[in-house]
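Per-entry structural report
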Amino acid sequence: QVQLVESGGGLVQPGGSLRLSCVVSGSIFSVYFMGWYRQAPGEQRELVATIGTGGNTNYADSVKGRFAISRDNAKNTVYLEMNSLKPEDTAVYYCNAARQFPPLLNFWGQGTQVTVSS
């Protein structure tokens, strides 16, 4: 059973920083395409950033230049470094692991709350 456990969320003032972590257990982490998504109240879940098995990254326009996704295959962990946080970054952040070869598999973490407020 693949499990994803996020941590690192919390309350931060505008302009502040947070680092989210997501530890994956129960499978071979290195073969998974990893991503961070977020969902604000009343909104649909949206892509924040992704990182491929080779380390290539992709970001939503709203976070480019402020957020950085990385992975440590030795620790089965993906990170999201968030800087210059804005109130509109407030959301529940979810970690996603996707295996992109058959059988296709997709797993989600339970989410971690990020609140940006003064």
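Before reading further, recall that the structure is shown in the block above.
One structure accompanies this document, and this report is about it.

What counts, and at which threshold
Residues numbered from 1 in each chain as written. Predicted model: local features only at pLDDT ≥ 70, side-chain atom pairs only at ≥ 80, totals over all residues. Heavy atoms only, no water. Helix = DSSP H or I, 4+ residues; strand = E, 2+ residues; numbered from the N terminus. Contact = heavy atoms within 4.5 Å. Lys, Arg positive; Asp, Glu negative; His and termini not counted. Charge placed at Lys NZ, Arg CZ, Asp CG, Glu CD. Salt bridge = Lys/Arg side-chain N within 4 Å of Asp/Glu carboxyl O. Buried < 20%, exposed > 50% of the residue type's maximum accessible area, 1.4 Å probe, protein only. Polar contact = N/O pair within 3.5 Å; in protein donor to acceptor, adjacent residues only side chain to side chain. Phe/Tyr/Trp six-rings, centres within 6.5 Å; stacked < 30°, edge-to-face > 60°.

This part takes up the overall build of the chain. In terms of helices and strands, the chain carries 0 helices and 11 strands. Ordering the α and β elements of the chain from the N terminus gives β-β-β-β-β-β-β-β-β-β-β. Its C-alpha atoms put the chain at 45 × 25 × 25 Å along the principal axes. When contacts within the chain are restricted to residue pairs at least 6 apart in sequence, those whose partners lie at least 24 apart make up 54%. Considering the chain, the positive charge centre built from 9 side chains and the negative charge centre built from 8 side chains are found 6 Å apart.

Okay, the pattern of salt bridges next. Where side chains of opposite charge bring their charged atoms close, a pairing between them can arise. Tallied over the full model, the rule gives 5 salt bridges. The salt bridge partner of Arg-19 is Glu-81, with a shortest N-O separation of 3.7 Å. On the criterion of sequence distance, the pair formed by Arg-19 in strand E3 (residues 18-25) and Glu-81 in strand E8 (residues 77-82) is long-range, its members being 62 residues apart. Residue classification places Arg-19 among the partly exposed residues on the basis of a relative accessible area of 46%. Linking Glu-46 and Arg-38 is a salt bridge whose minimum nitrogen-to-oxygen distance equals 2.7 Å. Exposure remark for Glu-46: the relative accessible area of 36% places this residue in the partly exposed category. You can call Arg-38 buried: its relative accessible area is 6%. Look at the salt bridges and you will find they share partners, linking Arg-38, Glu-46, Arg-66 and Asp-89 into a network.

What follows concerns the side chain of Glu-6. Its location among the elements puts Glu-6 in strand E1 (residues 3-7). In this structure, Glu-6 is buried with no salt-bridge partner, the nearest side chain bearing the opposite charge being Arg-45 at 7.5 Å. Within the structure, Glu-6 has its side chain in polar contact with the backbone nitrogen of Cys-95 (distance 2.7 Å). Of the polar contacts made by the side chain of Glu-6, one reaches the backbone nitrogen of Gly-111; its length is 2.9 Å. Excluding residues within four positions of it along the chain, Glu-6 makes contact with Ser-21, Cys-22, Trp-36, Tyr-93, Tyr-94, Cys-95, Gly-109, Gln-110, Gly-111 and Thr-112.

Each aromatic ring pair is described using two quantities: the centre-to-centre distance and the angle formed by the ring planes. Considering all chains together, one arrives at 2 aromatic pairs under this definition. Measuring from centroid to centroid gives 5.0 Å for Tyr-37 and Trp-108, while their planes differ by 65°, and the two rings are edge-to-face. Highlighted residues: Tyr-37 in strand E4 (residues 33-39) and Trp-108 in strand E10 (residues 105-108), separated in sequence by 71 residues. Given a relative accessible area of 36%, Trp-108 falls into the partly exposed group.

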